[in-house]
Each structure stands twice: as structure tokens, then as C-alpha cells.
Amino acid sequence: MPQVDTTTNAGQLLAAASGGRRRVGDRVFSNTATAAAVTILALLAGVAIFLIAKGMPAFTHSASELPGGKTFIDYVAPLAFGTVLAASFAAIVAVPLAVAVALFITHIAPPRVALTLGYLVDLLAAIPSIIYGLWGIFVLGPAAVPVMQWLEEKLGFIPFFAGPASATGRTMFVAGLVLAVMILPIVSAVAREVFSQTPRKLQEGAQALGATRWEMIRMTVLPFGKSSVISGTMLGLGRALGETMAVTIILSASGAVTFNLISQSNPSTIAANIALDFPESSGLAVNVLIATGLVLFAITLVTNMAARAIIARQNRGE
Amino acid sequence: MLGAADKKRSAVESGSEKVAETATATAPGDLAQAPMAAKAKTIEARNVNLYYGAFHAVENVTLTIAPNKVTALIGSSGCGKTTFLRSLNRMHELTPGATVEGEITLDGEDMYASGVDPVRVRRLVGMVFQAPNPFPTMSIYDNVASGLNLNATRIKKAQKDEVVERSLRGANLWDEVKDRLDKPGLSLSGGQQQRLCIARATAVEPEVLLMDEPCSALDPVATLAIEDLIGELKSRYTIAIVTHNMQQAARASDLTAFFNLEESGKPGRLVEVGETETIFTNPTQKATEDYVTGRFG
């Protein structure tokens, strides 16, 4: 305490501490942060403007002028359907699995096992999607053929499994499963983070009532983590909707609009369709592909906004 | 009772008998004074040593928590009284690395015997915590009822309503919340939340109630309300309460156990236990006298 005698020089003390005005470091920091935030907005706007400008011709030209002789809506609808179907199926498979993995890691596994398993799950996210595609077509696809035949036989009355089961495994079913594996790490990471933050006093409160571990999880951990599971799911959906390589490789697409997951004829997805057709397109066909990209952009935007709305309502309601 | 599978529902069954009894009682004030004395159970700890990993937290405690009495555990911070309290319903072992040596019995039955399910022990020996911890996503009603549906127990709505009302009345909270049972538990004040937690703990009809500094987060008015409540609850339960508040121990307890540790890093020990009045006026140990008169700790 060398400098100031606080009892006598209070005024000088305050003036010295603030340095008279805001410190340079503070200003540099706040300007940099603001600039970063503005850049994000500009990028987002730039992408949207590009999509709208380049995609516009697809909306203004008549069906006869467009490649394939279909209106743009007729062209994009089956693709959008396939995109949403693949992503939804992936989420339905991945979310329960991811929640179970997150619960196991945070509340059941011994610490060392939990740590290792956590790393391994995160590692799933580091595998490039082209590898997933190759694995899907060479390993999972053939392996899934008997499963799909069984589904057709036993559960054929459900439209999803109407069949006839594909003999190659290049189906929506397999593509969805691969997407599920791909989004598992992100959903599970988000859930894990929040599950592990469940206040200890709540967990102990449940256990002091005589709750078993599962009952404690149901009473405290799951309600506490609910909104994070929803936002994790939406993040995963966002990835699954836009995933290109794996789907492009695996799916044998015929453009059919069908809920049948296991047959030879499947709807394609927007992203896979762009990847497949772009190299051979020119002129107006390119504009059409970009316009389908705009539709994909809109779908992911709506998904994210829905997630925010759900979370906001939860936070308000409880 | 602890191990026998066919008695697994005994707490709930005796709970329903009690509902039948109280249904015939007229004045709600009678509930707290209802003749339940026969039900309260004794906890006996013999040569109990508690560890966190290699750290020896509590050494060689032998103590009886007497039925229908309030036993206060006092002592300076870190002397192991909360740790000891948590060993009485097997909450201690939930901390990773925590272990227990010695014997703790509930009415003669060893809580730590190999066939005993800790979940069952915690059902019989309830706990109220330092900070109120109502479940944030649940309403007032659901908080009180939260222990009733555990372990695959199903009870009828009408019966649940009765248990909730009886528990809230027992916790002196009913009149304040009866018109808003569907509101979140967190909408209550701190003192009300703590009484809600007491109602939640008593709704499952435990034999013993453990309280870990239940008033430390509350203002003096709320504290007094909880102390009054403790005085009423002892007619039905065996109660052990950890407190840092000397006046509270003197006001609310019948028996007082003084814990101390010789120096930091050494395990905590039970120095002396006796009638609260004796401990506060005429203790046998110098350390006790120093502590209760505020000369240290």
C-alpha cells in the first residue's frame, strides 16, 4: 500500500483509479468485439442477398423455359421433402441415443470411463463426412439389408417400412442412420454440458426423498436440461439438413416423393442434388440450383427460429 | 424393515392409515399433536468414522439420536457435524470417494448391512437442506407430492390431495398457499420454500428428519417459524438438526451434541452430548464451555 493515504486524499484516489477517461485497452476491446459482431451480420446478409439475386431467375421464368420443363416449385418440392425426411429420421434416431449417452457420461459412468467416452463421442464429430459416406455405402448399407428385409416383413404395414426392401442398402433408411451418427456428437455434447450442471442441491433433494438414481434423473436432471436438449436437437437438425457428401454417396435417388424409407426409389435432398447436378449445369439450370439453396437456407432458418421459440416459451412458462 | 421386500411399502401404507385417522379428526390444529409418538425411531451410531478418500473427517463418534426429541449438533465449521448428519441417511456415500466405518442402526437394524438398499434408508430418514431446494419445474402441489410416486408407488389422486394438504398443514404453510397450489414452488419466499421442503420431506412419512442448518439462509422471522415448526414436528418424528446458531440450539433442541476438531486437518470428534440445558449452563468439558459462551469458534 505505498501510494495514497486514503483517509485524506479520497478525491485524488478516485481520479487516479479511473485515469480520467476510459482506458485504451477497454476501447480497443469493445471496438473489436463490435466489429466482429457486425461482420457476422454482414456475412449472413451477403449470403442471403447472393441466394436471392442468383436464384431469382428460377422464380421469374415459366415452366417451359426451365430445365426439365417443370415449374420451380414442382422441382424443389420433392427435394425439400427428401431433405426434411432424412433430417427428421436422423434426429428421431439420434436424440434419444444422444440423451442416453449424455446421461451415462454425466451421471452413471465412473469418472474415468466417462472422460474417455466423452472424448470418443467428440471424436465422432471430427470424422469428415466423406468418410461417413464411404462407410455408409460399403459397410452400413450392406449390413442394413437384412434389417430392412425384416422391417418390411414384420412392420410392412407402417408406410415407412412398406418396401420392397432394397438389396443394395442405398436407401433413405441408411442415409438417415449415417446422418444420425453424424449429429449424435453435437446433440450429446450440448446435453452433456447442461446435465452436468444440474444443481447438486436438487439432485440431493430428490435422493433424500428416497428417489433411485433414475428417478432422481427424471425429477431433476431431465427437466433442468430439457431446453438444452431441444436446442442441441435443432443444431443437429441444422447439420443434417445441410449435409451433402454422405447423402450424395449413399442415397440412390429417383426423385420419388414417398415416406418409404427402405425401398430402392428415394427422394433426393437439396444439398445432394446440388452436388450431383452442379458440375453438369449451365445457364438457367445453375440459377435453379441456387434457388433450391435459398429454399434450404429458409428451411434451416425456420428450424432455428422454431427452436428459439420453443426454448423461450419454456423459460417463460417455468 | 430395511431389508424385507414385503414391507417395502410400509411407509406409504402407514401413511394411508394415517390419512384415515386424520380424516376423522376435526380441527386441523390437532394434526401436529396427533398421538404418533409410538412411530418415532431411534438412530444409534457406534464408533463411526467417516472419510473423504484418504481424509479422515469424523473420528469415532458414538451418539444416540433419541426418538421424539430434537438433537442439535453444534460446533465450529469443518468439525464434521454435517458430514456426520449425512451419514445417518446414507447421503454421505453419494460424494465420490466417501466411505463409512462403524455401525449406524435405525431401531436396531444396521443401515449399512449388505442387503440394505440406501434408497430405502433415505425414504425412512428424510433430510432438509441448508438452502431451500424446491424442484424448480414443479408446482407447490407437485413439490409436496414429488416423493409419493417414487419407487413405482401409485396412489389415488384423492389420497394424494389429502397427503399434500396434511403435509402442508404440518409445515404451517397450508393457509399461505392453499389458493395457489398450482403456482411454481419457486414463487414462494425463502422461508416458505424451506417450509415447502419440510412438507415435501414429511409427505413420504419418514421415521426421522435430519436438518442441515435449515435456517441459515432465512431471515429471523422465517427462522422463528421454522423453529416453532420443529417443536411441533418432534411429537411425530425423531429430529437431528445441525446449526451454527447457539440461540437456535438452545431454543429448539432437547439434546445437544458438541463436535470439535483439535486443529485444522485433524478429524472432527464428538466432545460431549447431554441435555441442552446442561450443555449450555453446566458442560463437563472446557472446550464445550468455551464454544457455547462464544469464547471461540
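Per chain, the residues get numbers from 1 upward, laid out in the order the sequence is written. The order in which chains are written sets their letters, starting at A; the order in which ligands are written sets their numbers, starting at 1. Reporting of local features is limited, given that this is a predicted model, to residues whose pLDDT is at least 70; pairs of side-chain atoms are given and counted only at 80 or more, and all residues count toward the totals for whole chains, interfaces and linings.

(A) Region of the structure containing the overall build of chain B. Note on conventions: DSSP H or I runs of at least 4 residues are helices, E runs of at least 2 residues are strands, and numbering of each starts at the N terminus. Of the regular secondary structure elements, chain B holds 12 helices and 10 strands. Counting other C-beta atoms within 10 Å of a residue's C-beta gives its exposure: the residue is buried at 20 or more, exposed at 12 or fewer, and partly exposed in between, where C-beta atoms are placed from the backbone. The 297 residues of chain B split such that 46% are buried. We call two residues in contact whenever the C-beta atoms placed from their backbones are within 7 Å. Taking all contacts inside chain B whose residues are at least 6 apart in sequence as the whole, residues at least 24 apart take part in 70%.

(B) Structural context of the overall build of chain A. In terms of helices and strands, chain A carries 11 helices and zero strands. Secondary structure elements of chain A, listed N to C terminal, follow the sequence α-α-α-α-α-α-α-α-α-α-α. Radius of gyration: over C-alpha atoms. The globule rule applied is 2.2 Å multiplied by the number of residues raised to the 0.38 power. In summary, chain A has a C-alpha radius of gyration of 26 Å against a globular reference of 20 Å for 318 residues, an excess of more than 25%. Projected onto its principal axes, the C-alpha positions of chain A cover 90 × 60 × 35 Å. Counting the 318 residues in chain A, one finds 36% classified as buried. For chain A, the proportion of contacts with a sequence separation of at least 24, taken over those separated by at least 6, is 79%.

(C) Quick peek at the nonpolar core. Residue and element names in this part refer to chain A. The term nonpolar core refers to a group of buried residues, namely Ala, Val, Leu, Ile, Met, Phe, Trp, Tyr and Cys, whose C-beta atoms join them within 7 Å. Counting residues in each nonpolar core, the largest one holds 152 residues, and the members touching the most others are Ala86, Ala90, Leu179 and Ile183. Ranked by residue count, the leading element in this core is helix H3 (residues 72–108), at 18 residues. When near neighbours in sequence (up to four residues on either side) are disregarded, isoleucine 183 contacts Ala90, Ala94, Gly236, Arg239 and Ala240.

(D) Structural view of the confidence of the model for chain B. Residues and elements named next belong to chain B. Residues with a pLDDT of 70 or more make up 86% of chain B, whose mean pLDDT is 83. A low-confidence stretch, residues 4–37 (pLDDT under 50), is modelled with 34 contacts involving residues beyond four sequence positions or located in other chains. Two summary scores accompany this predicted model of the complex, namely pTM at 0.78 and ipTM at 0.79. A score from 0 to 100, pLDDT tells how confident the predictor is in each residue.

(E) Quick peek at the sheet that holds strand S2 (residues 55–65) of chain B. All names here are of chain B. Two strands pair if DSSP finds at least two bridges between them. Strand order in this open sheet of four strands is S2-S1-S4-S5, and the pairing throughout is antiparallel. In this open sheet, the two strands that pair with only one neighbour each are S2 and strand S5 (109–110). With eight bridges joining them, strand S1 (residues 43–52) and strand S4 (residues 98–106) adopt antiparallel strand pairing. Its bridge partner lying in S4, alanine 45 is registered against isoleucine 104.

(F) The pairing of S4(B), seen in detail. Residue and element names in this part refer to chain B. In terms of strand pairing, S4 meets S5 through two bridges, oriented antiparallel. In the sheet register, threonine 105 faces S5, and the bridge partner there is aspartate 110. Hairpin connection between S4 and S5: a loop of two residues separates the two successive antiparallel strands, and aspartate 107 in this loop has a positive phi of roughly 50 degrees.

(G) The arrangement of the interface of chain B and chain A in detail. Across the boundary between the two partners, chain B contributes 20 residues, which contact 15 residues of chain A. Those elements that place two or more of their residues in the side of chain B that touches chain A are helix H4 (118–124) and strand S6 (125–128) of chain B. A per-element tally of the side of chain B that touches chain A places H4(B) first, with three residues. Each residue receives one of three labels: charged for Asp, Glu, Lys and Arg, nonpolar for Ala, Val, Leu, Ile, Met, Phe, Trp, Tyr, Cys and Pro, and polar for the others, Gly being one of them. Its residues assigned to classes, the side of chain B that touches chain A comprises 10 nonpolar, seven polar and three charged.

(H) Inspection of unusual backbone geometry at higher detail. All names here are of chain B. Of note, asparagine 172 is a non-glycine position whose phi angle comes to about 55 degrees, a positive value. With respect to the element layout, asparagine 172 can be found in the loop between helix H6 (157–170) and helix H7 (174–177). Unusually for a residue other than glycine, glutamate 213 sits at a positive phi of about 45 degrees. Relative to the assigned elements, glutamate 213 resides in the loop between strand S7 (208–212) and helix H9 (220–233). Overall, glutamate 213 belongs to the buried group, with 21 C-beta atoms counted inside 10 Å.

(I) Expanded view of the sheet that holds strand S9 (residues 255–260) of chain B. Residues and elements named next belong to chain B. Read from one edge of the open sheet, six strands run S6-S7-S8-S3-S9-S10, paired in mixed fashion. Sheet topology places S6 and strand S10 (269–275) at the edges, where each strand pairs with a single neighbour. Strand after strand, the sheet turns through a mean of 20 degrees between neighbouring axes, direction not considered. Of the pairings in the sheet, the one linking S9 to S10 comprises six bridges and is antiparallel in character. Across the sheet, residue asparagine 260 finds its bridge partner in S10, namely arginine 269. Interaxial angle, 0 to 180 degrees, is taken between N-to-C directions of lines fitted to C-alpha atoms, where a helix line uses only the stretch in contact.

(J) Fine view of the environment of B:Ala257. Residue and element names in this part refer to chain B. Its location among the elements puts alanine 257 in strand S9. In sequence terms alanine 257 and valine 164 are 93 residues apart; their C-alpha atoms lie 33 Å from each other. Residues contacting alanine 257, with those up to four places away along its chain left out, are Leu63, Thr71, Leu73, Leu270 and Val273.

(K) Main features of the environment of A:Ser227. Residues and elements named next belong to chain A. One can find serine 227 in helix H8 (residues 213–242). Judged by the 18 C-beta atoms lying within 10 Å of it, serine 227 is partly exposed. Serine 227 sits 81 residues away from arginine 308 along the chain, and the two C-alpha atoms are 9.5 Å apart.

(L) Spotlight on the domain arrangement of chain A. Residue and element names in this part refer to chain A. When the domains of chain A are assigned, the result is domain 1 (1–60) and domain 2 (64–317). Boundaries between domains were set according to an automatic or database domain assignment. Relative placement of domain 1 and domain 2: their C-alpha centres are 37 Å apart. Contacts between the two partners involve seven residues from domain 1, matched on the other side by 10 residues from domain 2.

(M) Region of the structure containing the packing of H3(A) against H8(A). Residues and elements named next belong to chain A. One can describe the packing of H3 onto H8 by two numbers: an axis separation of 9 Å at closest approach and a directional angle of 145 degrees. At the point where H3 passes H8, the crossing takes the right-handed sense. The segment H3 lies against H8, with Thr83, Ala86, Ala87, Ala90, Ala91, Ala94, Val95, Val99, Leu103 and His107 engaging Arg213, Ile217, Val221, Val229, Thr233, Gly236, Leu237, Ala240 and Leu241. Its residues placed into classes, the contact of H3 with H8 shows 14 nonpolar, four polar and one charged. When the near helix sits turned anticlockwise from the far one by under a right angle, the crossing is termed left-handed; a clockwise turn instead gives a right-handed crossing.

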